[in-house]
Amino acid sequence: MAVRGQLPETVILTGAGVSAESGLGTFRDVGGIWSQYALEDVATPEGYARDPELVLSFYNARRANALAATPNPAHDALARLLKAKAGEVVLITQNIDDLHERAGSEGVLHMHGELLRGLCTICGARCDWRQDMHVSDACPSCGGVGGMRPDVVWFGEIPYFLEEIATMLQNCRQFVAIGTSGSVYPAAGFVAEARAHGAETLEINLERSEVSSAFERRILGPASETVPEWVESLLN
Ligand code: OAD
């Protein structure tokens, strides 16, 4: 395990709200993705087993939307912060888009996977994948057909990087959640974990989240305004 000195002082967790002003829909706001699709059909291993083409077409649409979107001032501000405080700040995201990277953030931990990656369920290989995905696609590694899926974490699966994240939460000085409703665990429990280990906690969101009362401080408003202001206050 890494020693305290090598761990980030600030851990930031982002959710769909940070990409909302780039035109990517959130999940649980009015008209959100989960009001248009049944989560069990498109975001579970069982849904994929029942109707893989439906699941792939859901993610094809989301991939196309994400590729057409551009980072907003919240992504840009976080990239500035990461660059200015290299090694002191880590960015964990539940988002599967690549807007943090396109804004210039490096080393982002995509705990729910990435839309622009494919995973072969036959051989386990992962690869870059920017185009639409279909059941008839072959895995670039093993050549097997019928096993490709997006490299995203579905309900009932274990998010990525959980051990590293736990170590960081237990050792950070500050935990900040941005644009997440606090409805999905384990991410919704990060604030409690960080606070139990002595971190200061801040929520930046359009409105109070489900776990808002677990935070000591909150800044409410659209991320494109609140995040740049918060970042400037840290850097000045
Ligand atoms: P949600 O859609 O659950 O929550 C988005 C949050 O962002 C809400 O609290 C909104 O109030 C807030 N929000 C909306 N617009 C905003 C803006 N312009 N500025 C700031 N905040 C804004 O999305 P997540 O919390 O990210 O998982 O959802 C967590 C997980 O649930 C996702 O990663 C996904 C989903 O089901 C999987 O698919 C496994």
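Refer to the structure printed above.
A short tour of the structure in this document, coming up. This structure is a prediction, so every number in the text was calculated from the model and none was measured.

Digging into the environment of Ser-136
Okay, step 1: Considering the arrangement of structural elements, one finds Ser-136 in the loop between strand E5 (126–128) and strand E6 (148–152).
Okay, step 2: Along the primary structure Ser-136 and Gly-147 are separated by 11 residues, whereas in three dimensions their C-alpha atoms are 8.7 Å apart.

So, the state of the cysteines
As used in these notes, a disulfide is a covalent bond between sulfur atoms, one from each of two cysteines.
Okay, step 1: Applying the stated criterion across every chain, the model contains 0 disulfides.
Okay, step 2: Its sulfur unpaired, Cys-127 is 6.1 Å from the next cysteine sulfur, which belongs to Cys-139.
Okay, step 3: A disulfide-free cysteine, Cys-142 has its sulfur positioned 3.8 Å from the sulfur of Cys-123, the nearest such atom.
Okay, step 4: Using a relative accessible area of 39% as the deciding quantity, one classes Cys-142 as partly exposed.

Concerning the site of the ligand
Okay, step 1: In the neighbourhood of the ligand, 24 residues make up the surrounding shell, with Ala-16, Phe-27, Arg-28, Thr-180 and Ser-181 lying closest.
Okay, step 2: Between an oxygen atom of the ligand and a side-chain N or O atom of Arg-28, the distance comes to 2.7 Å.
Okay, step 3: A distance of 2.8 Å separates an oxygen atom of the ligand from a polar atom in the side chain of Trp-34.
Okay, step 4: Here the residues of the shell around the ligand sort into 10 nonpolar, 10 polar and 4 charged.

Cut-offs applied
Residue numbers run consecutively from 1 along every chain, following the written order of its sequence. A pLDDT threshold of at least 70 governs which residues receive local features in this predicted model, and a stricter bar of 80 or more applies before side-chain atom pairs are shown or counted, although totals over entire chains, interfaces and linings include all residues. By convention in this description, side-chain values take in all heavy atoms of the structure and omit both hydrogens and water. Think of it this way: any DSSP run of H or I at least four residues long counts as a helix, any run of E at least two long counts as a strand, and we number them from the N terminus. By definition, disulfides here are pairs of cysteine sulfur atoms that lie within 2.5 Å. A simple rule labels every residue: compare its accessible area, found with a 1.4 Å probe on the protein chains alone, to the largest value its type can have, and call it buried under 20%, exposed over 50%, or partly exposed in between. If even one non-hydrogen atom of a residue comes within 4 Å of a molecule or strand, that residue is called near it. Think of a polar contact as two N or O atoms within 3.5 Å of one another; within protein, one of them needs to be a possible hydrogen donor and the other a possible acceptor, and neighboring residues in sequence only count if both atoms come from side chains. Amino acid classes used here: Ala, Val, Leu, Ile, Met, Phe, Trp, Tyr, Cys and Pro are nonpolar; Asp, Glu, Lys and Arg are charged; the rest, including Gly, are polar.

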